[in-house]
Amino acid sequence: QVQLVESGGGLVQAGGSLRLSCAASGRTSSVYLMGWFRQVPGEEREFVAAIIWSGDMTYYADSLKGRFTISRDNAKNILYLQMTSLKPEDTAVYYCAASRTGWGTPKKGTQYDAWGQGTQVTVSS
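Residues numbered from 1 in each chain as written. Predicted model: local features only at pLDDT ≥ 70, side-chain atom pairs only at ≥ 80, totals over all residues. Heavy atoms only, no water.

Caption draft 1: Spatial organisation of unusual backbone geometry. Unlike most non-glycine residues, N77 shows phi in positive territory, near 55 degrees. Locating N77 in the fold gives a position in the loop between β7 (68–73) and β8 (78–83). Positive phi, normally seen in glycine, also occurs at S85, with a value near 50 degrees. By the element assignment, S85 lies in the loop between β8 and β9 (92–99). (Helix = DSSP H or I, 4+ residues; strand = E, 2+ residues; numbered from the N terminus.)

Caption draft 2: Spotlight on the sheet that holds strand β1 (residues 2–7). With antiparallel pairing, the four strands of this open sheet are ordered in space as β1-β3-β8-β7. Looking at the sheet topology across the chains shown, the edges are occupied by β1 and β7. Taken pair by pair, the neighbouring strands of this sheet meet at an average axis angle of 20 degrees, ignoring direction. Examined bridge by bridge, β7 and β8 share six bridges and lie antiparallel to one another. From the neighbouring strand, I70 faces β8, where its bridge partner is L81. (Pairing = 2+ DSSP bridges. Axes fitted to C-alpha atoms, helices over the stretch in contact; angles between N-to-C directions.)

Caption draft 3: Representation of the environment of W36 in the model. With respect to the element layout, W36 can be found in strand β4 (residues 33–39). In this structure, the C-alpha to C-alpha distance between W36 and Y95, residues 59 residues apart in sequence, is 5.6 Å. Separated by 3.2 Å, the side chain of W36 and the backbone oxygen of Y80 make a polar contact. (Polar contact = N/O pair within 3.5 Å; in protein donor to acceptor, adjacent residues only side chain to side chain.)

Caption draft 4: The pairing of strand β3 (residues 18–26), seen in detail. Relative to β3, β1 is paired through six bridges, and the arrangement is antiparallel. The partner of Q3 across the bridge, within β3, is S25. Relative to β8, β3 runs antiparallel, the two sharing six bridges. Along β8, the bridge assignment pairs S21 with Y80.

Set out below in structure tokens:
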């Protein structure tokens, strides 16, 4: 089992930046892929970005490419999401997720088998 704990959310003005962190613990050696998703109450969970845990391949939602950057520190088992030029429509609960599966679709939530509790990001206009 992998446990995930997000941090770094908060309130920021439009145009500002935030960096989210996700600390992974437990059987991290089994992780192949990690990702970020976000969800607004009443709406479907939305893919944000993903990264191969021991490689260089990254995946982004087309609408967020260029503003959001995913990265990781393997030595510390921490996943990051750097968010810049934030907009009010980026307001959501952001979740990190981990997958042990080496195939599938990184952009789909069903790919992942461990999730964090989420961290709220609120962007004011």
